[in-house]
Every structure is written in C-alpha cells, then in structure tokens.
Amino acid sequence: MSNGERTLSIIKPDAVERNLSEKIKSIFLKNNLLVLDTKKLHLSKDEAAEFYKVHQSKPFYDQLCNYLSSGPIEVMILEGENAVLKNRELMGATDPKNAKDGTIRKLYGVSIDKNSVHGSDSVDNAKIEINFFFNK
Ligand code: ADP
Ligand code: MG
C-alpha cells in the first residue's frame, strides 16, 4: 500500500560520523514521515557530482561534491502527507545559523556545508533523487 507523497532524505557525512542517524529518523517518525527504505553508502566524487549537478554553476559546487563524498552517508525514502514540504520544514534553513529552533539543522548542523541533512526540494526532484539511489 502506498498513498503518500515521497521524498529523499540524506543524512550527510557530518551527522553519520556523529551517530545522529537514529535521532534524525525519530524526528521523521514523530512527524508522520515513514522511512520506507534506507541504505548506507559512500559516494565517489563523480557520483556526488552527478547527484548535485543542478548546482554545477555555483561557486561552492566543487566543495559540495568533495564534502558529500568525504564519508559514509545514509539515504532514505520518506513517505507521508506533503512529505517534500514537511521534510524541508523539519530540516530548517540551509545555513544552520538561520534555522528555526527545533529543526534538524538548528539542532545538529555545524555550518552551511556541514548542515547534516539533504532533502528534495520538489515532488519532481524527489522522483529523480529517489531513482538515483534506489531505482524505484
Ligand atoms: P538545501 O540543502 O537547503 O536544499 P541548496 O540546495 O541551496 O540548499 O544547496 C545544496 C547544499 O549546498 C546545501 O545543503 C549546502 O550544504 C551547500 N551550500 C549551499 N549554499 C552554500 C554556500 N553559500 N556555501 C557553501 N555551501 C553551500
Ligand atoms: Mg537543495
């Protein structure tokens, strides 16, 4: 059975390294986002570059790809009502300094690059990103 919207979440290297995966997943579950599938992996720089290619013109692109491939990550499919938007709200602003109290990035983010989580920004991109990691 599947009747909810889906989004892709990534627990980035800084958060995996600090063993925050279970704490972050519990925030999703408390907010009615079901973790449908999850896998831990370590991307190569080329794979990170492919994943983040929408950002290839940005000045921080190279740094971003180096960072995402710097250590293990955990990727997961979240499902629930308005999953894309709900996940973005739970994550908080890109820069942890600007993230609201109680958000994942406010709680755990270290800096704008080490901001602990990724979340798809639209339903269309969620489909592309889920397919990138899970072929479904
Ligand atoms: P978000 O992850 O909130 O969707 P973006 O899609 O704009 O943010 O950017 C992707 C990632 O690139 C961010 O999570 C962050 O780690 C990094 N990033 C964004 N802006 C900057 C910046 N000005 N300097 C360094 N890294 C950045
Ligand atoms: Mg983004």
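Residues numbered from 1 in each chain as written. Chains lettered and ligands numbered in written order. Predicted model: local features only at pLDDT ≥ 70, side-chain atom pairs only at ≥ 80, totals over all residues. Heavy atoms only, no water.

Engineer: Give me the side chain of K25: which residues, what numbers.
Structural biologist: Structurally, the position occupied by K25 is in helix α2 (residues 21-30). Filtering out sequence-adjacent residues up to four positions away, K25 remains in contact with V35, T38, E74 and M76. (Helix = DSSP H or I, 4+ residues; strand = E, 2+ residues; numbered from the N terminus. Contact = heavy atoms within 4.5 Å.)

Engineer: Please give an account of the pattern of salt bridges that cites residues and values.
Structural biologist: Inspection of the entire model under this criterion finds eight salt bridges. E74 serves as the salt-bridge partner of K25, at 2.7 Å between the closest nitrogen and oxygen. Of this pair, K25 sits in helix α2 while E74 sits in strand β3 (residues 73-80); the two residues are 49 residues apart in sequence, bridging distant segments of the chain. Between D101 and K106 there is a salt bridge; the shortest N-O distance is 3.9 Å. Residue K106 is classed as partly exposed on the basis of its relative accessible area of 39%. Three or more residues are tied together by salt bridges with common partners; here these are E22, K25 and E74. (Salt bridge = Lys/Arg side-chain N within 4 Å of Asp/Glu carboxyl O. Buried < 20%, exposed > 50% of the residue type's maximum accessible area, 1.4 Å probe, protein only.)

Engineer: Pulling in residues and values, what's your account of the sheet that holds β3?
Structural biologist: By definition, the strands of a sheet pair up through backbone hydrogen bonds, in either a parallel or an antiparallel sense. With respect to topology, four strands assemble into an open sheet ordered β2-β3-β1-β4, the strand pairing being antiparallel. Of all strands in the sheet, those with a lone pairing partner are β2 (34-41) and β4 (117-119), marking the two edges. For this sheet, the mean inter-axis angle between neighbouring strands, taken without regard to orientation, is 20°. Note that strand β1 (residues 5-11) and β4 share three bridges and pair antiparallel. Counterpart to I10 in the pairing with β4 is H118. (Pairing = 2+ DSSP bridges. Axes fitted to C-alpha atoms, helices over the stretch in contact; angles between N-to-C directions.)

Engineer: Let's hear about the site of ligand 1: which residues, and what values?
Structural biologist: Neighbouring ligand 1 are K12, H55, F60, L64, R88, T94, R105, I112, D113 and N115. Interatomic distance of 2.6 Å between a side-chain N/O atom of T94 and an oxygen atom of ligand 1. Within the contact set of ligand 1, an oxygen atom lies 3.0 Å away from a side-chain nitrogen or oxygen of R105. Its free accessible area being 530 Å², ligand 1 has 78% of it covered by the protein chains. Comparing atom positions with the cavity grids shows ligand 1 to sit within the largest pocket. (Near = heavy atom within 4 Å. Polar contact = N/O pair within 3.5 Å; in protein donor to acceptor, adjacent residues only side chain to side chain. Areas by Shrake-Rupley, 256 points an atom, 1.4 Å probe, with all protein chains shown as cover. 1 Å grid on protein atoms, 1.4 Å probe; cavity = no way out; pocket = protein on both sides within 12 Å on 5 of 7 lines; lining within 4 Å. Sits in = over half its atoms within 2 Å of the grid points.)

Engineer: Now, about the layout of surface pockets: what can you tell me, with residues and values included?
Structural biologist: Of the pockets and cavities examined, the largest pocket occupies roughly 680 Å³. Residue lining of the largest pocket: 26 residues in total, with Y52, V54, H55, L64 and H118 positioned closest to the centre. At the level of secondary structure, the elements contributing two or more residues to the lining of the largest pocket comprise α3 (45-51), α4 (61-68), α5 (83-91), β4 and α7 (123-134). Per-element accounting of the lining of the largest pocket gives the leading share, four residues, to α7. Of the residues in the lining of the largest pocket, the class split is 10 nonpolar, eight polar and eight charged. (Points joined across faces, edges and corners; volume = space filled by probe spheres on them. Nonpolar A, V, L, I, M, F, W, Y, C, P; charged D, E, K, R; others polar.)

Engineer: If you had to explain α2 to someone new, which residues and values would you point to?
Structural biologist: Among all positions of α2, only S21, I24, K25, I27 and F28 are buried. All buried residues of α2 project into a common sector of 150° when viewed along the axis, lining one side. Pointing more than 90 degrees away from the buried face of α2 are the exposed residues E22 and K30. (Arc of directions from axis to C-beta.)

None of the figures reported here should be taken as evidence of function without further support.
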